[in-house]
Amino acid sequence: MKLRSTALVNGFRQSAPYVNAHQNKTIVIMLGGEAIADSNFGNIVNDIALLNSLGLRLVLVYGARPQISQQLEKQGLETPYHNSVRVTDSASLEVVKQAAGQLQLDITARLSMSLNNTPMAGAQINVVSGNFVIAQPLGIDDGIDFCHSGRIRRIDIEGIHRQLDQRAIVLLGPVASSVTGECFNLTSEEIATQLAIRLNADKLIGFCSLQGVIGPNGNVLSELFPHQVEEILQQRELAGDTQSGTVRFLRGATAACRSGVPRSHLLSYKVDGSLIQELFSIEGIGTQIVTESAERIRQATIDDIGGILDLIRPLEEQGILVRRSREQLEQEIPRFTVIERDDRIIGCAAIYAYPESQSAEMACVAVHPEYRDSERGTRLLQYIKHQALQDGLETIFVLTTRSIHWFREHGFEEADVSALPDAKQQLYNLQRRSKVLTLDLNDHVMRLPAH
């Protein structure tokens with residue numbers, strides 16, 4: 001019992017940075033009909049309620065494609081697709097409204113639960129639906145009349161913000177009204193994407209049956225840029241996959257990222273807690289699509305030698321860094337991580353592993369003076385921590401003469417030279433009298449979101 005209590009306390013303490021980082025952030029969550037129909041949907045609702053209690057501003061957009069298809073089949077109605085959009089005639093529109101209305105009531109009911117001995121106990125969530133989205137008909141394309149299938153004409157962004165300011169969850173479905181008083185069937189992907197863009201959301205989140213986008217080797221691709229997503233979409237379209245939930249979300253996520261939404265996440269609706277794991281852990285669990293920028297962090301290559309030398313030479317001359325020759329740097333370049341901006345190296349750090357002691361040294365940390373006011377040093381530290389965790393190491397240590405407070409602010413603690421691995425102790429320079437600081441990775445698994 002004591003061990004379990006300790007784990008609970010540690011987990012609760014370590015979650016504090018994430019709570020602070022996510023407060024008042026706007027997140028649009030797209031719930032496809034497949035996710036709603038899955039047996040794990042109740043757990044997803046519980047996690048959504050938890051996010052609401054932590055101060056996140058949530059907009060839920062639900063789809064109903066499988067539910068609509070099932071009802072249409074029962075009634076013997078056929079609705080063809082054109083350009084991946086269902087052609088909705090008058091008869092099928094009634095089915096669409098019925099299925100969408102049923103799901104709205106079901107989702108609202110789940111979010112209204114407050115039974116004791118359940119994760120929803122005491123939640124008291126206000127769920128608001130309404131005519132925030134105004135639709136217009138798609139019209140005729142290639143001679144095909146879409147009838148009551150529509151697209152967005154406008155969104156009442158101010159109205160949605162007012163509800164979010166009151167800590168309500170805004171719930172929107174695939175049926176929207178027009179200025180003429182008609183109803184139109186919209187795709188949930190378009191609604192979610194446009195809401196994320198126009199709300200200036202911090203994240204767009206969607207669900208699929210898998211963990212995310214699966215690469216050729218069978219592993220989840222944890223991060224993709226929009227141009228990489230477009231290549232994947234082209235491959236899938238050539239293979240005949242144009243309507244799967246994954247493809248539909250990826251199209252929307254790419255558009256959202258190109259329009260300024262910093263990150264979009266694709267998770268599995270079958271994995272209990274996938275939403276929490278993605279948002280509240282360093283490595284995440286799914287695929288994130290991130291905005292391409294002129295700045296990126298990556299492993300160094302031999303072509304970066306000149307840029308690294310230009311960056312570290314002034315610090316070596318000041319005695320802040322230990323001098324490295326070009327030859328030594330060439331040999332050690334696989335150990336280096338760099339931040340590149342506009343083809344210029346503006347930051348670097350190296351990691352030297354000591355597997356026998358399950359530790360690693362973070363060394364040669366440098367950021368160009370023009371870029372030190374931001375969080376680039378923190379990004380380098382996060383990257384090094386991620387590498388150490390992947391290698392199964394438990395501790396990171398640094399030797400520093402000038403940056404003691406910066407490392408202490410980031411969780412390092414001062415230690416004696418005897419805390420260093422034996423091989424490093426033998427190389428310790430007594431004249432420099434560098435301070436030794438260590439970071440226990442087991443106590444710092446959860447940090448400010450890397451995604």
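Our structure is the block above this text.
Here goes a summary of the coordinates provided. What you see is a predicted model; the values in this text were computed from it and never measured.

1. Notes on the packing of helix α4 (residues 41-53) against helix α6 (residues 90-111)
Stage number 1. Contact geometry for α4 and α6: axes closest at 10 Å, N-to-C directions at 60°. Classed by the angle they form, the pair α4 and α6 counts as oblique. The way α4 lies across α6 gives a crossing that is right-handed. Each of Phe41, Gly42, Val45 and Ile48 in α4 lies in contact with α6, whose residues at this interface are Ile107, Arg110 and Leu111.
Stage number 2. By residue class, the composition of the contact of α4 with α6 is five nonpolar, one polar and one charged.

2. Overview of helix α9 (residues 226-238)
Stage number 1. For α9, spanning 13 residues, the distance from its first C-alpha to its last is 18 Å, which sits close to the expected 18 Å at 1.5 Å a residue.
Stage number 2. Pro226, Val229, Ile232 and Leu233 are the residues of α9 that are buried. Viewed end-on, α9 has its buried residues packed into an arc of 115°, placing them on one side of the element. For α9, the exposed residues set more than 90 degrees away from the buried face come down to Gln234, Gln235 and Leu238.
Stage number 3. Taken together, the buried residues of α9 touch β14 (223-224), α10 (245-258) and β16 (287-290).
Stage number 4. Positive phi appears at glycine 240, one or two residues downstream of α9, with a value of about 90°.

3. Thoughts on the sheet that holds strand β1 (residues 26-31)
Stage number 1. One open sheet accounts for eight strands, arranged β5-β10-β2-β1-β13-β15-β16-β14; its pairing is mixed. If you trace the sheet from one side to the other, it starts and ends with β5 (127-128) and β14, each paired once.
Stage number 2. Sheet topology note: the β1/strand β13 (residues 203-208) ladder contains four bridges and is parallel. Bridging across to β13, isoleucine 27 finds its partner in lysine 203.
Stage number 3. Each of β1, β13, β15 (263-268) and β16 touches α10; the most contacted strand, β15, lies at about 165° to it.

Conventions used here
Residues numbered from 1 in each chain as written. Predicted model: local features only at pLDDT ≥ 70, side-chain atom pairs only at ≥ 80, totals over all residues. Heavy atoms only, no water. Axes fitted to C-alpha atoms, helices over the stretch in contact; angles between N-to-C directions. Helix = DSSP H or I, 4+ residues; strand = E, 2+ residues; numbered from the N terminus. Parallel < 35°, antiparallel > 145°, perpendicular 65-115°, else oblique. Left-handed = near helix turned anticlockwise from the far one by under 90°. Contact = heavy atoms within 4.5 Å. Nonpolar A, V, L, I, M, F, W, Y, C, P; charged D, E, K, R; others polar. Expected span 1.5 Å × (residues − 1). Buried < 20%, exposed > 50% of the residue type's maximum accessible area, 1.4 Å probe, protein only. Arc of directions from axis to C-beta. Pairing = 2+ DSSP bridges.

Just distances and angles here, no functional claims.
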